[in-house]
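Per-entry structural report
As a plain string of letters, each chain reads:
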Amino acid sequence: MRSSVEIHDIATGETRVVWQTERLVEAPNFSRDGRFLVINGDGRLYRLPLDGSAPVEIDTGFATRCNNDHGLSPDGRLLAISDKVEFGKSAIYLLPAEGGTPKLVTPNLPSYWHGWSPDGTTLAYCGIRDNVFDIYTIPVAGGEERRLTFGEGRNDGPDYSADGEWIYFNSSRSGRMQIWRVRPDGSEPTRVTDSPWGDWFPHPSPDGKHLLVLSYDGDVFDHPRDLDVRLRLMDVDGGNARILFDLFGGQGTMNVPNWSPDGTAFAFVRYAPAA
């Protein structure tokens, strides 16, 4: 087993295995009806049913170098992807959830998708401009991107709160990577975690009660794969933080929004060491 796709129930503390494979797969994202996950592997995207049946490839047209930044829209009709076939750098595209021809959204590159606004009108992403990692948003219909951070360290992994009032992200502006949040207009940047860990990929729950965070050892700056990490749950303001469990994972474990629609569980990928 190389990759184990699993779902954790936060009320019971139980974790169940959905699918295991010798392949490297990453970044599970729930369908809006809770019946399947979207995962990526080898540059392709797959629909993984939760009834135990085999994954089915999603037709993404020319986009065959998809990275682990993808997610379904709030209404479940569209799929956002990040792919680098067309330009050699990551660009964000939209396509029908069932598959189809990708439509470019971000002309400025590279751009890595991470979140949908709850009303489905806006995408949040990490953009690298002149080697500076910052948080941006752009209308789903296309248009000018809005820059929300301005080079205060490395900024990455944005995801919207359930009410759309905040965009959570990880930032190294204080030295170690920690979780911050900012208003959608770029105002009120606020630190959320002050931990000894390297905190990445904050995902607020759909019910507005929790924030899920992937935490590396404090001396790990980036977000590599195949390390001992921990998943931590806390209030949306960073209070009452606790470790849910430790695992072997990292990059690919939960890069994208991974909560179940009702906010009672989340999906993740656990890894075994590469052969």
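A short tour of the structure in this document, coming up.

Here we look at the packing of aromatic side chains
On inspection of all chains with the given rule, the structure shows seven aromatic pairs. Look at Phe-245 and Phe-268: their rings are 5.2 Å apart centre to centre, the planes differ by 45 degrees, and that puts the pair in the tilted class. Of this pair, Phe-245 sits in strand β22 (residues 242-249) while Phe-268 sits in strand β23 (residues 265-271); the two residues are 23 residues apart in sequence, bridging distant segments of the chain. Note on Phe-245: relative accessible area 15%, which makes it buried. Among the residues examined, Phe-268 registers a relative accessible area of 0% and is labelled buried. Taken together, the ring pairs connect Phe-245, Trp-259, Phe-266 and Phe-268 into an aromatic cluster. Cation over ring: Arg-47 sits above Phe-36, and NZ or CZ is 5.2 Å from the ring centre. A cation over an aromatic ring shows up here: Arg-183 above the ring of Trp-166, its NZ or CZ 3.7 Å from the ring centre.

Regarding unusual backbone geometry
The omega torsion of the bond from Leu-109 to Pro-110 falls at -5 degrees, within 30 degrees of zero and hence cis. Mapped onto the fold, Pro-110 is located in the loop between β10 (103-104) and β11 (111-116). The backbone of Asp-42 shows a phi angle near 55 degrees, a positive value even though the residue is not glycine. Structurally, the position occupied by Asp-42 is in the loop between β4 (36-41) and β5 (44-49). Here the phi dihedral of Asp-226 falls at roughly 65 degrees; this positive angle occurs in a residue that is not glycine. When you line up the elements, Asp-226 lands in the loop between β20 (211-216) and β21 (227-234).

Quick word on the environment of Gly-218
Along the polypeptide, Gly-218 turns up in the loop between β20 and β21. For the pair formed by Gly-218 and Asp-235, sequence separation is 17 residues and the distance between their alpha carbons is 21 Å. The residues contacting Gly-218, other than those within four sequence positions of it, are Arg-176, Pro-196, Trp-197 and Gly-198.

Points about the sheet that holds strand β16 (residues 167-171)
In sheet architecture, strand pairing relies on hydrogen bonds along the backbone and comes in two forms, parallel and antiparallel. Strand order in the open sheet made by the four strands is β15-β16-β17-β18, with antiparallel pairing throughout. Pairing within the sheet leaves two strands with one partner each, and these edge strands are β15 (155-160) and β18 (190-191). Both β16 and strand β17 (residues 178-182) contribute to a ladder of five bridges, which runs antiparallel. Looking at the pairing, Tyr-168 lines up with Arg-181 of β17.

Looking at the state of the cysteines
Throughout the structure, instances matching the rule amount to zero disulfides. Free cysteine: Cys-66, not disulfide-bonded; nearest cysteine sulfur from Cys-126 at 18 Å. Cys-126 gets classed as buried once you look at its relative accessible area, which sits at 1%.

Rules and cut-offs
Residues numbered from 1 in each chain as written. Predicted model: local features only at pLDDT ≥ 70, side-chain atom pairs only at ≥ 80, totals over all residues. Heavy atoms only, no water. Phe/Tyr/Trp six-rings, centres within 6.5 Å; stacked < 30°, edge-to-face > 60°. Helix = DSSP H or I, 4+ residues; strand = E, 2+ residues; numbered from the N terminus. Buried < 20%, exposed > 50% of the residue type's maximum accessible area, 1.4 Å probe, protein only. Lys NZ or Arg CZ within 6 Å of the ring centre and 35° of its normal. Contact = heavy atoms within 4.5 Å. Pairing = 2+ DSSP bridges. Disulfide = S-S within 2.5 Å.

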